[in-house]
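Structural characterization, general
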Amino acid sequence: MAPPSFWVTSLAKSLSGDAPCLRPLWGFAHGWEKRPDENPGKMATWRADHSALIQRAVKQATSQGWKAKVEQWIQVTGSHAVIKGKVDIVAQKADARPRVVDCKGGEAKDTDVTQVLLYQKMVPLSWKAPTMQFDGAVWYGEGIPPTRTTPAQADELWPRATALVKRMATLGIAPEPLPSFGACRFCAVRDEDCHARI
């Protein structure tokens, strides 16, 4: 049987408090299907906008001497679970610490920072270079100061992240739901897997 598999985006929402209900995190890691997308056109538009945002960030980075790789798939396999994700930009240049950058539209959120901190730990682990250190940044577009993060901040978060993954991976049944209008409104858990949707 394949181990539970956690996406960085979902893990970041749970760690930051943006998604206090852990039922979706557990369920999708253990193979639950998501409810059908009622507006696939919205996702297609988001992907196009996000791709354009990444290209603008790359243009800015290369103008400053960075070499950038985009949309890098990463995966870390532990003794209890798999954590996986896709980093928008991995940037490197001589005489500077490498950097992971996540591009976000809209207003800044704590989840954005948490996601980057996780990537800072996961990229070196997925590259089989666990002692390598990365700076992090959340890029919101031209004219908006990016939110920057340090290796020390990533080191501080990582034990909490791995503890949550271990707890969700080894829990035999789905956690009880913590319904709220805001969370349930956007939750992808199907009605048959959750009796408490508001």
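Preceding this paragraph is the structure being described.
Residues numbered from 1 in each chain as written. Predicted model: local features only at pLDDT ≥ 70, side-chain atom pairs only at ≥ 80, totals over all residues. Heavy atoms only, no water.

Concerning the pattern of salt bridges
According to the stated counting rule, one finds ten salt bridges in the structure shown. Note that Glu71 is salt-bridged to Lys86, the shortest N-O span being 3.9 Å. Here the residue Glu71 occupies a position in strand E2 (residues 67-77), and Lys86 occupies one in strand E3 (residues 82-92), the gap between them amounting to 15 residues. Judged by relative accessible area, Lys86 falls into the partly exposed class, the value being 32%. Across the pair Arg190 and Asp193 runs a salt bridge whose closest N-O atoms are separated by 3.3 Å. A residue is classified by how much of its surface remains accessible, and Asp193, at 13% relative accessible area, is buried. Salt bridges sharing common partners tie together Glu33, Arg190, Glu192 and Asp193. (Salt bridge = Lys/Arg side-chain N within 4 Å of Asp/Glu carboxyl O. Helix = DSSP H or I, 4+ residues; strand = E, 2+ residues; numbered from the N terminus. Buried < 20%, exposed > 50% of the residue type's maximum accessible area, 1.4 Å probe, protein only.)

Structural notes on the packing of helix H1 (residues 8-16) against helix H4 (residues 110-126)
Remark: H1 packs on H4, axes separated minimally by 8 Å, with the N-to-C direction vectors making an angle of 125°. Taken together, the axis directions place H1 and H4 in an arrangement best described as oblique. The way H1 lies across H4 gives a crossing that is right-handed. From H1, Val8, Thr9, Leu11, Ala12, Lys13, Leu15 and Ser16 reach across to H4, where they touch Asp110, Thr111, Thr114, Gln115, Leu118, Tyr119 and Met122. Per-class residue counts for the contact of H1 with H4 are seven nonpolar, five polar and two charged. (Axes fitted to C-alpha atoms, helices over the stretch in contact; angles between N-to-C directions. Parallel < 35°, antiparallel > 145°, perpendicular 65-115°, else oblique. Left-handed = near helix turned anticlockwise from the far one by under 90°. Contact = heavy atoms within 4.5 Å. Nonpolar A, V, L, I, M, F, W, Y, C, P; charged D, E, K, R; others polar.)

A few points about the pairing of strand E4 (residues 99-103)
Among the five residues in E4, five count as buried, and that is most of the element. Neither face of E4 is exposed, since Arg99, Val101 and Cys103 on one face and Val100 and Asp102 on the opposite face are all buried. Hairpin connection, E3 to E4: the antiparallel pair is bridged by six residues, and Asp95 has positive phi, about 60°. In this sheet, strand E5 (residues 135-139) lies alongside E4 in parallel orientation, the contact comprising five bridges. (Pairing = 2+ DSSP bridges.)

Some details on unusual backbone geometry
Positive phi, close to 45°, is recorded for Glu71, a residue that is not glycine. Its relative accessible area of 36% is what places Glu71 among the partly exposed residues. Backbone geometry at Lys128 places phi at a positive 60°, although glycine is not the residue there. Locating Lys128 in the fold gives a position in the loop between H4 and E5. For Lys128, a relative accessible area of 72% puts it in the exposed group.

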